[in-house]
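# Coordinate analysis (summary)
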Amino acid sequence: VGLEHRRLRDDEDVLANVVARAAQFSDLLGRHVRGLAGVAPVRQHGLMIGIEVAPPVAGARWGRRISAACVARGVLIRPLGDVIVIVPHLTTTEEEAELIVTTVAAAITEVALADDVVERAVDERAVDEGAVDAGTVGGGSVGAGAGTG
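My aim in this report is to walk through the structure given alongside it, one point at a time. (Residues numbered from 1 in each chain as written. Predicted model: local features only at pLDDT ≥ 70, side-chain atom pairs only at ≥ 80, totals over all residues. Heavy atoms only, no water.)

A cluster of acidic residues, Glu94, Glu95, Glu96 and Glu98, forms a negative patch on the protein surface. The residue Glu94 is located in helix H4 (residues 94-114) in this model. On the basis of relative accessible area, Glu94 is assigned to the partly exposed category, the value being 48%. (Patch = residues over 30% accessible without salt bridge, like charges linked within 9 Å, V, L, I, M, F, W, Y side chains within 5 Å. Areas by Shrake-Rupley, 256 points an atom, 1.4 Å probe, with all protein chains shown as cover. Salt bridge = Lys/Arg side-chain N within 4 Å of Asp/Glu carboxyl O. Lys, Arg positive; Asp, Glu negative; His and termini not counted. Charge placed at Lys NZ, Arg CZ, Asp CG, Glu CD. Helix = DSSP H or I, 4+ residues; strand = E, 2+ residues; numbered from the N terminus. Buried < 20%, exposed > 50% of the residue type's maximum accessible area, 1.4 Å probe, protein only.)

Attention shifts here to the pairing of strand E2 (residues 48-53). As paired strands, strand E1 (residues 39-45) and E2 are joined by five bridges and run antiparallel to one another. Considered in E2, the bridge of His45 is made with Met48. Hairpin connection, E1 to E2: the antiparallel pair is bridged by two residues, and Gly46 has positive phi, about 65°. Of the pairings in the sheet, the one linking E2 to strand E4 (residues 83-86) comprises four bridges and is antiparallel in character. (Pairing = 2+ DSSP bridges.)

Have a look at this one:
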């Protein structure tokens, strides 16, 4: 194991890969995770990433549920309460980084939908933008025009 580690470090320029993957994760998180319903701060330092989720009610155990949804899709992550922890290996490839982030985004969306958070966020945004009046949100068709639904 030690010899293979030295070979990887020397032959594959692991440190350059870490810098490139950290930048890629930052970009991917910005495009796929930040702004999702139920996502609080996303913190990153190099390849250490913490995605704080904000369940609609205390005790909803989003961290565990999102982790389980990721595992079901073949990506192992670790929850610490309601913080999703991602610490990929130093030789993570571009494709693996993309898979990790898109899987986490899909799992967050799945859990948020199950708890009706996404629909509420869309409804609130529609009211804020004036697309519908507050009386039609939730019970009628959103985006069909004020008062229609």
